[in-house]
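Understanding the architecture of this molecule
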Amino acid sequence: MLTTALSTLRTRWVTFAGSFVALSLGVALIAVMGLALASSLDAPDRGPERFAAAQVVVKGRDALEVSTPIGVRGRKLAQPRAVPVGVVAKLRDLGTVVEDRSFAVRAEGGPADLVGHPWSTAAFAPYALDAGRAPRAADEVVVSGDWARPGARVRTDGGTVRVVGTVAGLGFENAVFSTDARAAELAPRSLQLVVDADAAAVREAVRGSEGVQVLTGDARRYADADPDRDAEALTAMNALFGTAGGVTGFVSVFVVASTFAFAVAQRRREFGLLRTAGATPGQIRRMVVHEALAVGVLASAAGCVLGSRAAPELVEWAVDENLAPRWFTLGDHTWPYHVAFWTGLLVALCGVLAASWRAGRTGPAEALREASADARPMIRGRLLCGAVLLVTAVVTLALALAADPGGLLQRKTYVSRPMLLITAVALLAPLLVRPLVRLIAWLPARLPGAGGMLVRENAAAGVRRTAAVAAPVLVTVALAGSLLGATATLDGAKATEVRERTAADFVVAPAGDAGFDGATLRRLRAVPGAEVSASSSSAVYVLEEGVALVGSDARAAEPGPLAATTRLPLVAGRTDDLDDDSIIVNEEWEKRTVGERVDVWLGDGTRKSLRIAAVMAVGTGDNGVYVTPRNAPAAPVDRVDVRLAHGADAHAVADGLRRAVRASDGEVLTGEAWVRATRPGTDRTTRTGFFLVLGIALLYTGVSLANTMVMATSDRVRELAALRLAGATRWQVLRLVGAEALTVVVVGGLLGALVAGLDLAGMWSALGLLSVWTPVEVPWTALGAALGACAALAVVSAVVPAGLALRRGAVELAGARE
């Protein structure tokens, strides 16, 4: 049988070429994602940047650490503490102390990520002047990079400044240096400082001061603006490539198994001839397995080679798109090749095992059959597996809705959930093909001529062929609809929450991160006809179940103005009951009974016991907590909601608000304009990651669709000859083939839309249970583009081989071997 298998590979090369291409491409994709994921597991050691030339850096308390029965749990504080004044005085006795300050800067024509510092800290990077001089006046600055030259006047959110010098950029930030006095005005709080003294003496001076850190050596990097950015970059990279790798693996396994099963199913007459010649069922099965083994080994090896060539291109693209940090490179890893190779071989064998069992059951009478209709297109095992997977998908969704609907809104959940549904619907596709084909072709079949009727009958009769060709389309449409629809629906739900909570007529936002100063707030409160609610962003930390330190975003505001300008989604209690001894929580909290007391840590790490004044619905997860300003120490006012007093003129109030914030360059928006401007959206990394996943899926399923169409068309040579002998012209046959391909694509599109619809219905139900009623967002453009691409590929892949075959005479085609 091995000789027979090798002979079959040689004579039926078109069929096995399709399986080879599908498998090698799948292995290549798994290898590429594996290599990228392996390279993102380890970050290179990064030394200090802004304070590379500093001897000692002293930093105030910036983390909360709580002892639990299972160890110490820590969280970054929303409002880090400054170095205590008494400690600073001791340090000045040891040597020169330079206070560091950082603040965001917005400048016309400048980079979007400009950050300001005092000029005295420039030497610690070190920065060196390459043109001009140091700043001496409040309106003078030195900038890094080449976006401005000495003498240029630049408008910033802190006023118009004159560039008096430039320094070469060091790659980790775009800096603007002001005088120390001006920097202190723009950023009054100094959270860290540099000490020119012996490290041991500095440690002795800060002994006994809670949370104060003395940073030397490589530890000085923790004084940089974003010391955890490498870890965060790794997390983002792992999520990106992990998601892409998981989806790619699923798509490749799904399509390869479908391709192999179809390749075996279309050879039943050949197996019948072998059975007539005396082959036993076991010999037929061994032959099929040997064929799959040969194709699997060659295709997996080719896929690994292809993956090694494509992986560097993916890494370069990720760096160019700022999805990966500058240091990210492809590492020297071998295990992804092993995973890809053996996965490909295993998929080839698993994909053919079930089909080989059916091939072995082929009777000798199959060789005498002329009809290509599928008498029994679906075996009991496939029906059972499909039904079990469908029931499992429905039951798990129901249990999730009952137990934790919020869990269905997590990215990992809505990325992985469609896979089970896709597999179940694909397995049950033969049951759905005939009714869908007859529905789609109902109108064309009633038009004059036999074309519509032939399209309907051919597609309905060849159920296996139709289901195999529709499978790649099903995957593409289902993934596009589920992933993009889920993110759009979730974004829409968050926007709905913001809109329903906002009762303010105007919202005033500051220009920078420093917030509004006291003088600006007094001017805003003095505007006639305006009821002002100033609020700050902070955080509150709570120990859940005694072991988990959980942080919640907090907004601090006075209760009366808060109730007038905000509609909180309360399920118990009242907003007016909030005071300095209480807190408004949401239903996710372990303690959520009005009147109950809960121990919390405030944004600066202060521990406090607060009474629960009210409880909010969970919503999409963005409903944090509310406290009074006294319980958000050092949090700057970053938003002012304004409600018009009874009888007040809106235009007059708006003009008064603009005059009040003119000096601080604040922005006055109507409530609706503010809702639109702050509409939540999917972050760039997640969005690009989804398009990467969908692009890979579309590419792979497109190639697999083309392969399957070529395989299916090449197997219909005698059928096409029969049409020619019946009087059909060459162009009529080609139109028929193209119409059948379109019909099959529509079938796959409808099955994919069914999966996406079920998936989005689950998310909509979860949002409803969380008290957020929002319409489902269907990505019609993406679905149309995916379906259109599949349709074009299917038509070309079906018509071209049919056209090449029809170049021979009808009699010659009728006598051709399959």
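In the block above lies the structure referred to throughout.
Residues numbered from 1 in each chain as written. Predicted model: local features only at pLDDT ≥ 70, side-chain atom pairs only at ≥ 80, totals over all residues. Heavy atoms only, no water.

**Observations concerning the sheet that holds strand β1 (residues 56–59)**
Spatial ordering of the open sheet is given by β4-β12-β1-β13, a layout of 4 strands whose pairing is antiparallel. The open sheet terminates on both sides in strands that have one partner only, identified here as β4 (97–100) and β13 (213–215). Pairwise comparison of adjacent strand axes, ignoring direction, gives a mean angle of 25 degrees for this sheet. (Pairing = 2+ DSSP bridges. Helix = DSSP H or I, 4+ residues; strand = E, 2+ residues; numbered from the N terminus. Axes fitted to C-alpha atoms, helices over the stretch in contact; angles between N-to-C directions.)

**Observations concerning a nonpolar patch on the surface**
On the surface, a nonpolar cluster with roughly 390 Å² of combined accessible area is contributed by L383, L431, L432, L754 and L758. Those elements that provide at least two residues to the nonpolar patch are α12 (429–440) and α22 (730–769). Along the chain, the position of L431 falls in helix α12. (Patch = residues over 30% accessible without salt bridge, like charges linked within 9 Å, V, L, I, M, F, W, Y side chains within 5 Å. Areas by Shrake-Rupley, 256 points an atom, 1.4 Å probe, with all protein chains shown as cover. Salt bridge = Lys/Arg side-chain N within 4 Å of Asp/Glu carboxyl O.)

**Some words on the packing of aromatic side chains**
One pass over the full model with this rule turns up 5 aromatic pairs. Both rings, one in Y127 and one in F177, keep their centres 5.1 Å apart while their planes meet at 70 degrees; by these two values the pair is edge-to-face. Of the two residues, Y127 is situated in the loop between β6 (114–118) and β7 (129–132) and F177 in strand β11 (residues 174–178); the sequence distance between them amounts to 50 residues. Judged on exposure class, the residue Y127 and its partner F177 are both buried. Judged by centre distance (5.1 Å) and plane angle (90 degrees), the ring pair of F341 and W342 falls under edge-to-face. Accessibility expressed as a relative area gives 19% for F341, which makes it buried. (Phe/Tyr/Trp six-rings, centres within 6.5 Å; stacked < 30°, edge-to-face > 60°. Buried < 20%, exposed > 50% of the residue type's maximum accessible area, 1.4 Å probe, protein only.)

**Details of helix α23 (residues 780–805)**
If you check α23, its first and last C-alpha atoms are 37 Å apart, about what 26 residues at 1.5 Å a residue would give, namely 38 Å. All of the buried residues along α23 are L783, A786, C790, A791, A794, S797, A798, P801, A802, G803 and A805. (Expected span 1.5 Å × (residues − 1).)

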